[in-house]
Amino acid sequence: MSRSVFNTLRPVLGQKTYITPFALSLRHSSSSSSPLSAPNEPTSFRTQPSHSAPTGPLPLTWPNYLSLRRQRRLWSTLTSVPTTFLGLFLGGGYFASLEADPSQLIFGIEPMFVYGGATLGCMALGYLIGPSVGATLFSLTHPSIARGNPAPLEVMDREFYHRIRKNRADPRFQSVQNIVPDFYGEKIVSLSTYRRWLRDQAVYKRKAMHGVPSEEL
């Protein structure tokens, strides 16, 4: 009896099982909807940093800023004096200690003249470094306006130079008799000097556009 049952079940056991594409698609869809597999986040939903920040009120008033700007320029001018002499003394002391042989030329020039020119170069270098040293000292003594991201003084500098670029005259029309007055606004130290600067720019524009000689204005 067992042999007859085995013979009856042999075709069923020997038959291979085939999985149709439809069953594969169902299995794939069921596995993809599993809570263990997190869906990918759409690209449009990703947060991107914004580069445009709203412009708020200025951190300083214009009279206060112009006064601080004048002080900073004064610091830069005053520190140029000691740095110039420091460069002269250091350069002169170093090159004076070198032995100069008149028979050995340096680039076809006597060593005395080369050392003298190098000493003057050290003095010029000290003069150029002076404004940077003065600006650094001014920032250290005024940390409330010189520090931050961005610093209040830096914000005012940008706004000031933006107004200068916007209101100054076009230098393409300048000539020997009609030179652009204070192109970078370095003489502006107060609101009154700023108004005078605006009037000078307007006079220059009239002379440049109409060709009026400077003697007639």
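Residues numbered from 1 in each chain as written. Predicted model: local features only at pLDDT ≥ 70, side-chain atom pairs only at ≥ 80, totals over all residues. Heavy atoms only, no water.

The name an unreviewed UniProt entry assigns to the protein is Presequence translocated-associated motor subunit PAM17, from the organism Cryptococcus gattii serotype B.

Asker: Even after reading the chapter, I still don't get the overall build of the protein, so can you show me in this structure?
Answerer: Counting its regular elements, the protein contains 7 helices and 0 strands. When the helices and strands of the protein are read in sequence order from the N terminus, they spell out α-α-α-α-α-α-α. Looking at the protein as a whole, 19% of its 217 residues are labelled buried. Within the protein, counting contacts between residues at least 6 apart in sequence, those at least 24 apart form 67% of the total. (Helix = DSSP H or I, 4+ residues; strand = E, 2+ residues; numbered from the N terminus. Buried < 20%, exposed > 50% of the residue type's maximum accessible area, 1.4 Å probe, protein only. Contact = heavy atoms within 4.5 Å.)

Asker: Which parts of the structure should I look at to understand the nonpolar core?
Answerer: Nonpolar side chains in soluble globular proteins tend to be buried together. Grouped together as the largest cluster of nonpolar side chains are 14 residues, with contacts concentrated most on Tyr-65, Phe-160 and Ile-188. Setting aside its immediate chain neighbours within four residues, Tyr-65 contacts Arg-72, Leu-153, Met-156, Asp-157 and Phe-160. (Core = buried A, V, L, I, M, F, W, Y, C linked by side-chain atoms within 4.5 Å.)

Asker: Which parts of the structure should I look at to understand the UniProt feature "transmembrane region" (unreviewed entry) in the protein?
Answerer: The feature "transmembrane region" (unreviewed entry), as annotated in UniProt, sits at residues 74–95 and 115–140 in this numbering. End-to-end, the C-alpha atoms of residues 74–95 are 32 Å apart, and along that stretch the chain is 100% helix and 0% strand. (UniProt positions renumbered as here; feature names shortened; annotations may be inferred.)

Asker: Would you mind showing me how to read the packing of helix α6 (residues 152–167) against helix α7 (residues 191–210) here?
Answerer: A pair of packed helices can be characterised by two numbers: the angle between their axes and the separation between those axes. Running from amino to carboxyl end, α6 crosses α7 at an angle of 25°, the nearest separation of the two axes being 11 Å. Considered as vectors, α6 and α7 are oriented roughly parallel to each other. Between α6 and α7, the contacting residues are Arg-163, Ile-164 and Asn-167 on the first element and Tyr-194, Trp-197, Leu-198, Gln-201 and Lys-205 on the second. Of the residues that constitute the contact of α6 with α7, the class distribution is 4 nonpolar, 2 polar and 2 charged. (Axes fitted to C-alpha atoms, helices over the stretch in contact; angles between N-to-C directions. Parallel < 35°, antiparallel > 145°, perpendicular 65-115°, else oblique. Nonpolar A, V, L, I, M, F, W, Y, C, P; charged D, E, K, R; others polar.)

Asker: For this particular structure, what's the right way to read the environment of Ala-146?
Answerer: By secondary structure assignment, the location of Ala-146 is in helix α5 (residues 143–146). Here Ala-146 falls in the partly exposed class, since its relative accessible area comes to 24%. Taking C-alpha positions, Ala-146 is 9.6 Å from Thr-136, a pair spaced 10 residues apart along the chain.

Asker: Got a minute to help me understand α7 in this structure?
Answerer: Along an α-helix, a turn takes 3.6 residues, which lines up residues three or four apart on a common side. Between its terminal C-alpha atoms α7 stretches 29 Å, which fits the 28 Å expected from 20 residues at 1.5 Å a residue. When we look at burial in α7, the residues that qualify are Thr-193, Tyr-194, Trp-197, Gln-201, Tyr-204 and Lys-207. Looking straight down α7, one finds its buried side chains confined to an arc of 140°; they lie on one side. Seen from the open side of α7, the exposed residues pointing more than 90 degrees away from its buried face are Arg-199, Met-209 and His-210. Residues of α7 that are buried in the fold lie against α6. (Expected span 1.5 Å × (residues − 1). Arc of directions from axis to C-beta.)

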